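Structural characterization, general
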Amino acid sequence: EPGFSLTSDCFIVTATYGTSSYEKLPIFYNFRDNVLSRSFVGRTFIRVYYLIGPGFAYLIRKSKILRSLSRILLDHIAEIVGKFK
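Think of each chain on its own: its residues are numbered from 1, step by step along the sequence as written. Only residues with pLDDT of 70 or above have their local features reported here, since the model is predicted, and side-chain atom pairs are shown and tallied only from 80 upward, although totals for entire chains, interfaces and linings are computed over all residues. For side-chain calculations, the full set of non-hydrogen atoms in the structure is used, while hydrogens and water are omitted.

1. Structural notes on the overall build of the chain
How we decide: Here a helix means four or more residues in a row that DSSP labels H or I, a strand means two or more in a row labelled E, and each is numbered from the N terminus. Relative accessibility thresholds used throughout: buried, under 20% of the residue-type maximum; exposed, over 50%; partly exposed, between the two (1.4 Å probe, protein chains only). In these tables, accessible area is a Shrake-Rupley quantity obtained with a 1.4 Å probe, and a residue counts as shielded only by the protein chains included in the view.
On a plain count of helices and strands, the chain comes out with four helices and zero strands. Put simply, the chain runs from its N terminus to its C terminus through helices and strands in the order α-α-α-α. The proportion of buried residues among the 85 residues of the chain is 32%. Entry remark: accessible area of the chain is about 5,800 Å², with carbon and sulfur atoms responsible for 66%.

Below, the structure is given as structure tokens:
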């Protein structure tokens, strides 16, 4: 699809986990590339995420409380989406 790219960063994961995000990133990239990108709704979700993700990542980076909450949420999401191959 023209204008669609899978090369953007995983802003929120990186903001949440910092340098330790490298162990979680493959889980989210796999889900994006092999599940979300295969449907119109999934591609739309990816586009919206790339529009609003940097703003959320900025807020998460600046707040210890948001990082903690985001870590809890992302740990659960990673457990679920990590089952998709």
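2. Quick word on the packing of aromatic side chains
Our working definition: Working definition: rings of Phe, Tyr and Trp (its six-membered ring) pair if their centres are within 6.5 Å, and the pair is stacked with planes under 30 degrees apart, edge-to-face with planes over 60 apart, and tilted otherwise.
This model, assessed by the stated rule, comprises four aromatic pairs. Measuring from ring centre to ring centre gives 5.9 Å for Phe 11 and Tyr 50, while their planes differ by 90 degrees; the resulting arrangement is edge-to-face. Of this pair, Phe 11 sits in helix α1 (residues 11-17) while Tyr 50 sits in helix α3 (residues 40-62), and the two are 39 residues apart along the sequence. Feature note: the residues Phe 11, Tyr 49 and Tyr 50 constitute an aromatic cluster, connected by ring pairs.

3. Quick word on the packing of helix α2 (residues 25-34) against helix α4 (residues 64-81)
Rules: Lines fitted to the C-alpha atoms define the axes, with helices restricted to the stretch that makes contact. Angles between their N-to-C directions range from 0 to 180 degrees. Reported orientations rely on four angle classes, namely roughly parallel under 35 degrees, roughly antiparallel over 145, roughly perpendicular from 65 to 115, and oblique for the rest. The hand of a helix crossing depends on one turn: near helix anticlockwise from the far one by less than a right angle means left-handed, and clockwise means right-handed. Contacts were defined at the residue level, with two residues in contact if any of their heavy atoms lie within 4.5 Å. Any residue outside Ala, Val, Leu, Ile, Met, Phe, Trp, Tyr, Cys, Pro, Asp, Glu, Lys and Arg is labelled polar, Gly included; the first ten of those are nonpolar and the last four are charged.
The geometry of α2 relative to α4 is characterised by a closest axis approach of 10 Å and an angle of 55 degrees between their N-to-C directions. Between α2 and α4, the crossing angle belongs to the class labelled oblique. Crossing handedness for the pair α2 and α4: left-handed. Where α2 approaches α4, its residues Ile 27, Phe 28 and Phe 31 are matched on the opposing element by Leu 74, Ile 77, Ala 78 and Val 81. The residue makeup of the contact of α2 with α4, split by class, is seven nonpolar, no polar and no charged.

4. A short note on the side chain of Ser 37
Let me state the cut-off plainly: Any pair of N or O atoms that falls within 3.5 Å is considered a polar contact. Within protein, one atom must be able to donate a hydrogen and the other to accept it, and sequence-neighbouring residues count only if both atoms are side-chain atoms.
On the secondary structure map, Ser 37 appears in the loop between α2 and α3. According to the relative accessible area criterion, Ser 37 is buried, its value standing at 14%. Polar contacts involving the side chain of Ser 37 include one to the main-chain carbonyl oxygen of Asp 33, which spans 2.5 Å.

5. Some points on the nonpolar core
The test is simple: What we call a nonpolar core is a set of buried Ala, Val, Leu, Ile, Met, Phe, Trp, Tyr and Cys residues that are connected through their side-chain atoms within 4.5 Å.
Counting 17 residues, the largest nonpolar core has Cys 10, Ile 12, Val 13, Phe 28, Tyr 49 and Leu 74 as its most contacted members. Elements supplying a minimum of two residues to this core: α1, α2, α3 and α4. Counting residues per element, this core draws most heavily on α3, at five residues. Once residues within four sequence positions are removed from consideration, Val 13 is found in contact with Gly 18, Ser 21, Lys 24, Leu 25, Phe 28, Tyr 49 and Leu 74.

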